[in-house]
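Per-entry structural report
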Amino acid sequence: MSGHSKWANIKNKKEKTDAQRGKIFTKIGREIAIAVKEGGGGDPSNNSKLRDVIAKAKANNMPNDNIMRSIKKATGEGGSVNYEEVVYEGYGPGNLAVIVNVLTDNRNRIAAEMRHIFSKSGGNIGASGSVAWMFNKRGVIVIERTALMDEDEVMMQALEAGAEDFEAKDDAFEIYTAPTDFSSVREQLEGCGYEFISAEISMLPQNTANISDPETIEKIERFLERLDDNDDVQEVYHNGVFPDDE
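Within the element layout of this structure, Lys27 appears in helix α1 (residues 18-39). Buried within the structure, Lys27 lacks any salt-bridge partner; its nearest side chain of opposite charge belongs to Asp228, at an N-O separation of 5.2 Å. Beyond its immediate sequence surroundings of up to four residues, Lys27 is in contact with Asp228, Asn230, Asp231, Val233 and Gln234.

Here the structure, examined in full by the defined rule, presents two aromatic pairs. When the centroid spacing of 5.2 Å and the interplanar angle of 75° are considered together, the rings of Phe118 and Phe223 count as edge-to-face. Residue Phe118 is located in helix α4 (residues 107-120), and its partner Phe223 is located in helix α7 (residues 214-229); the two are separated by 105 residues in the primary sequence. Residue classification places Phe223 among the buried residues on the basis of a relative accessible area of 0%.

Mapped onto the elements of the fold, Ala158 is located in helix α5 (residues 151-161). Along the primary structure Ala158 and Ile175 are separated by 17 residues, whereas in three dimensions their C-alpha atoms are 7.0 Å apart. Once residues within four sequence positions are removed from consideration, Ala158 is found in contact with Ala163, Phe166, Ile175 and Leu189.

Turning next to the nonpolar core. Tyr88, Val100, Met114 and Leu227 are the most contacted members of the largest nonpolar core, which totals 20 residues. Those elements that place two or more of their residues in this core are β1 (84-91), β2 (97-104), α4, α7 and β9 (233-238). In this structure Leu227 touches Val100, Met114, Ile117, Phe118, Val233 and Val236, once residues within four positions along its chain are discounted. Of all hydrophobic cores here, the second largest spans 15 residues; its members include Val154, Ala158, Phe173 and Phe196.

What counts, and where the lines are drawn
- Residues numbered from 1 in each chain as written.
- Predicted model: local features only at pLDDT ≥ 70, side-chain atom pairs only at ≥ 80, totals over all residues.
- Heavy atoms only, no water.
- Helix = DSSP H or I, 4+ residues; strand = E, 2+ residues; numbered from the N terminus.
- Buried < 20%, exposed > 50% of the residue type's maximum accessible area, 1.4 Å probe, protein only.
- Lys, Arg positive; Asp, Glu negative; His and termini not counted.
- Salt bridge = Lys/Arg side-chain N within 4 Å of Asp/Glu carboxyl O.
- Contact = heavy atoms within 4.5 Å.
- Phe/Tyr/Trp six-rings, centres within 6.5 Å; stacked < 30°, edge-to-face > 60°.
- Core = buried A, V, L, I, M, F, W, Y, C linked by side-chain atoms within 4.5 Å.

Structure, rendered in structure tokens:
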């Protein structure tokens, strides 16, 4: 539950086994469907939102065939399902502030499932805005750091592309953007030849909560796993920071 960087603590990251990769691809497929619907069709050259999702798909090693199938399905070839975006906010175990992004074809079903997961875990769902004020929406681009890379050069390229902030870690460069600048910064860095560990718009906590009690950590792990196992859940953001050995 820890990570190599500040941002990696925000979301529950588990080892990507084959089954988990399949689940990730399914979730990204839904994001592609929304991007095609809301961004202006299935042509990435005319749809910046779709380009962003494709970049996320590639960062997660989603094969091009899967990406193209998802686009074709979203444009109506072979049938399509209409998904809608729903955001749940609330508190999990240990008073953990949580934001859950959902893409669903059944709003009533997912509402019941979210209430059950939060309640079973000892948490509760709050009203819209109840925890969102604790987070900042920002674009986050993570580039794997290699011995051949010059830190100053990467930083200058990122800032010249329009990034707001740059952090160099031992094994990665983290680049932060305003949500509105994310697409252009990502595309300019792509043009410089960089490949991304991650490239997406995230919710970053303004203040984090250090959680060290083993029992609380175990409850949080089970809570996050229940959310992750739900097919409709796309992203989970929280403000917890855990010991490195967790």
